Each structure stands twice: as structure tokens, then as C-alpha cells.
Amino acid sequence: MVNSSEICRRSPGFGYCTFVIMCNKKTYELWEKYPVKMFDFFKIVYDEVFILQLLTVSFSIVWVFYDWKKEAKSITIGIVYILGTFFVGTMLNWALFELSVIWRAIAGIHFQLAWLLTILLYLGVFDRTYVTSRFILGATVFITAITTAEFGHELSGYLRSVYHGIYWEFVCFLADLLMIGMSFVIHKYSLKGYSDIPGFSVALIMITTIVSTALIIIKTVMKMSEGIKFDTYYCIELAGIFIISVSGYLMVYYHCKIRKEKTILEVQNKLLEADKKMLIITEQAIEEMRSLRHDMKNQNKVMQLMLEEGRYDDLKKYFSSMEKSYTRSTFSGFVDCGNQLINSIVNMEILKANSYGISLVSKINVPKILPFEPSDLCRVLVNLLDNAIEGLLRTESRDYLVDLKIGRRMDYLYISVQNEIREDADRESLLKMNTVKDDAANHGYGHKIVKRIVEKYNDYVHYTIVDNEFVAEVMLELNPEDKNE
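Residues numbered from 1 in each chain as written. Predicted model: local features only at pLDDT ≥ 70, side-chain atom pairs only at ≥ 80, totals over all residues. Heavy atoms only, no water.

A.B. asks: Any chance you could break down the nonpolar core for me, citing the residues and the numbers?
C.D. replies: Grouped together as the largest cluster of nonpolar side chains are 48 residues, with contacts concentrated most on I61, F65, I136, V141, L191 and I197. Breaking this core down by element, the ones donating at least two residues are helix 4 (41-44), helix 5 (48-65), helix 6 (72-102), helix 7 (110-125), helix 8 (131-162), helix 9 (170-188), helix 10 (199-226) and helix 11 (232-309). Look past the residues within four positions of V141 in its chain and what remains in contact with it is I61, V64, F65, I119, M179 and I186. Core analysis: the next-biggest nonpolar cluster, separate from the first, contains 46 residues, V335, L392, V402 and V474 among them. (Core = buried A, V, L, I, M, F, W, Y, C linked by side-chain atoms within 4.5 Å. Buried < 20%, exposed > 50% of the residue type's maximum accessible area, 1.4 Å probe, protein only. Helix = DSSP H or I, 4+ residues; strand = E, 2+ residues; numbered from the N terminus. Contact = heavy atoms within 4.5 Å.)

Next up, the structure:
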């Protein structure tokens, strides 16, 4: 008479492979005759190899996704997360093991399903990074976890079947170390800080993960149906899957890194251009101040003469002409809000607007130091103001005016840009931020850029149309780092 405990005793210390072998046709017949009891999972599968594997994957998940800090509290919370993930992984493996007795389609693949569910639960409950980076990181952790586990069990089982009397299970431990090493690589080269990962990069990782998982599952099912214990070629296939997964992830990381560096360089060049223009403006303003100072002496003499002669009407007209002259001075429309970055960006946009005959009116009250990356703030302001200027140029209004407001509202930085639109403008299209430029294929990215940056700081961008005025509003949290603690 053979029962599940007897099968377990025939392969001590190698519960996972025992379970896979048990799932063939002959063992199904044994299950039908001798049903698996509720706690047989801990006799058949839950050995030291499997426990260490659970700990390895639990550590890898938390190490990749948790924001570790060199503080006792942060480290303690991280350890609690690892133990919690280990417990969830154990319970899911146990539940799927019991379910496989009834639903034999999942027999032998409970490990893959359990860790897929565990990673999804962790990302859904604890992780708050960008959706695209979550997809890529989660997929990479999952495929490397099941690949290294399969590779370790497959290789050690093969060696144990050929060379008897040696504790080949240590190969599984080496595979666990490989998984831990991969988690350190992902942690070091993490995509958590990238908000604008290209869609094709996400597709590349997801397709690689889905195809690789399907190959592993199909191979497992084939081995069970044919009664094959170990396959040396399968080890090569698993090694290839691991290398492809690691290479694919690093390719995506370096692609995103280069794109970000390019964006930062473009923004820095734009800010440098703004600083150069402001330097020219400052020099012009100084020269104009000297000219005005020199001219004021003559002006005072003329006004004094008019006053002495009682020519009050002429004096009034003279005052009026002087006021208009000062209003048209070079330095009259520029801002100085105390924040150098915003000064440079807004003053550059004022120059751009003035070149089109557009007035940019601003009301700005901001802290001297803001917690946002300069490149992010620059791209938000430039895109919103450029869209407003371009929108005005499409109208037939003679009073070209862009209204900019930047200020603090509670714990948020509030940005509002308002401009007039045509009466016959397609309001629905504008609210969806569809481009109306002739070269639509190469335009329309401004809104996407603003949206990605706003998502990065966990806030929102909102567009409304009131009468013939288009209003773009953005809220950025002034303490964005608190959300990830």
C-alpha cells in the first residue's frame, strides 16, 4: 500500500520535485485511492529547500519594491514585510496544493501561480510607484524567481539521479543566491524613478515574461504527462530564459536612463538660454536706467518751467506721456518672485510672448526653494505657457493676453494658465488636449509630458473652458517624498 507520506519518505529533503513527480498519471490513481490529507503539503512539499526558496523570493520582492532607509524603523518595517510576504507565499502555495487535488490542471505549477498572486498582492497593497515601472519590475522579479527555482531543482535532481550519495540540494541554495543577486541588481538599477517609460519597453518585458512563463508551464505539464523526472536540455532552456530576462530589463533601464539624461540636458540648455536672455535684459535695463537718470534732469527742467509759467494742461499731458514711456521700458514686464528657476522660465516665456505681440500677465507667490526637480517644473511651465501662446495665435482677438497664476494652496503648488480661444473652437477636442497643429504626427506631446510629471508627484492636471477662456490647472504636492514612506 502506498500513500502520500510514503512517497515523501522515498525522496527526503526534496519536497518540490517530489510534488512535481507525484502529479503524473500514476500518482493521480494513487490520490484517487489514497486521498491527500489537509496537512500533507507540509510533509510532501514544505522541506528546508522549499522554505529557503520562499524566504529568498520574499526577500527579493521586498528588497526590490520597499523604500529602504538606514534607520532602525525602516529596517524593522522591511523585515516585517519580508515575513509577511513569506507567510502569504506559504498560505497561497498550501491553498493551491490542496486545490490541485481537485483541479488537476494546476498540479505542479502551484509555485508559479502562488508567486504571481503574491507579487500582485504586494504591488496592489503596498507599492505606489508608477504603473509602467510596477509592471516591468513585477514581471522581472516574477520570471527570475520561477526560473532560478526551476533551474536549481532541475539541475540538482539530475545530478542526484546520476551521482548518488551526494547532497546535491546545495545547488538549489546556489540558485537562491542567484535570485538574491538579481534582486540586488534590480534594486541598484531600479526603474521606480522613471515616469515616462516607453510603451514598447513595457511590451518587450511583458511579452518576454508571458512567453517564458508559458514555456515553463508547458514543459512542466509535458514532463508530468510523460513521467519524465529530469531533463538536461531543460536546464539550458531555463538558463537562456534567465539571461534574456536580465538582459531585457537592463536594456530597458539604460534606455530610460539615456532618455532622462537627454531630457535633462534639453531643459538645462533651455534654462541656459533663458539665463542668457535675462543677462541681456539686465544689461539693457541698466543702460536704460542710466539713460533715464540722465534724461530726468532735462525732464525736471521742462516741468519746472511749465509750472513757473502756469501751463498746467501742458504739464498734465507731459506727465501722461512720461507714464506711457516708462510703461514701455524694457524691464517693466518681467517678474522677480524670489525663485530663480521660475524667474528664468517665466521671463523667457514673456520674451517669447512679446515677440508675438502677446502680453503675459503673472501673479506669482512661491517659496524660494521648491522640492521639485528643476527639469520637471520647467517642462510643466513651458508646455502650459507654450500651449496658451499657440492657442492665442489661432484666435482673432486684438487683445492677446495670457494669465499666469502660481501660488501655494495648503500643501500644494497651484499653477493656472488661462488664455482666450476661438468661438468656433472644438471644445471637446481641446479638453481632450488633441493637437490642432498641421503636423499632428509630430506634435501633441506637451499634454502627455505634463500628465506624466503630474503623476510622478501623485497629483492632477485639469482643463476647463469657461465662456471663451481655456484654463489649465496643475497641482503639485510640496512634500511628494512623504507619499513613498
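A.B. asks: Describe helix 13 (residues 340-355), and please don't skip the residues or the numbers.
C.D. replies: With 16 residues, helix 13 should cover 22 Å at 1.5 Å per step; its first-to-last C-alpha distance of 23 Å lies within 8% of that length. Every buried residue belonging to helix 13 is among I342, N343, S344, I345, V346, N347, M348, E349, I350 and A353, and all of these are buried. Sitting at the head of helix 13, N339 places a side-chain oxygen 3.1 Å from the backbone nitrogen of L341. Count one or two residues on from helix 13 and you reach G357, which has phi positive near 80°. (Expected span 1.5 Å × (residues − 1). Polar contact = N/O pair within 3.5 Å; in protein donor to acceptor, adjacent residues only side chain to side chain.)

A.B. asks: So, the packing of aromatic side chains: which residues are in play, and what are the values?
C.D. replies: Applying the stated criterion across every chain, the model contains 18 aromatic pairs. Geometrically, the ring pair formed by Y66 and W68 is edge-to-face, given 5.0 Å between the ring centres and 90° between the ring planes. Residue Y66 is classed as buried on the basis of its relative accessible area, which comes to 12%. One aromatic cluster is present, formed by F59, W63, F65, Y66, W68, Y81, Y122, F126 and F184 through successive ring pairs. Taking NZ or CZ as reference, R409 lies 3.6 Å from the ring centre of Y414, over its face. (Phe/Tyr/Trp six-rings, centres within 6.5 Å; stacked < 30°, edge-to-face > 60°. Lys NZ or Arg CZ within 6 Å of the ring centre and 35° of its normal.)

A.B. asks: Please set out a nonpolar patch on the surface residue by residue, giving values where relevant.
C.D. replies: A surface patch of nonpolar side chains, amounting to about 340 Å² of accessible area, comprises F87, V88, M91 and L121. Of the residues forming the nonpolar patch, the biggest block, 3 residues, is contributed by helix 6. Checked against the element boundaries, F87 lands in helix 6. Take F87: its relative accessible area is 51%, and that puts it in the exposed class. (Patch = residues over 30% accessible without salt bridge, like charges linked within 9 Å, V, L, I, M, F, W, Y side chains within 5 Å. Areas by Shrake-Rupley, 256 points an atom, 1.4 Å probe, with all protein chains shown as cover. Salt bridge = Lys/Arg side-chain N within 4 Å of Asp/Glu carboxyl O.)

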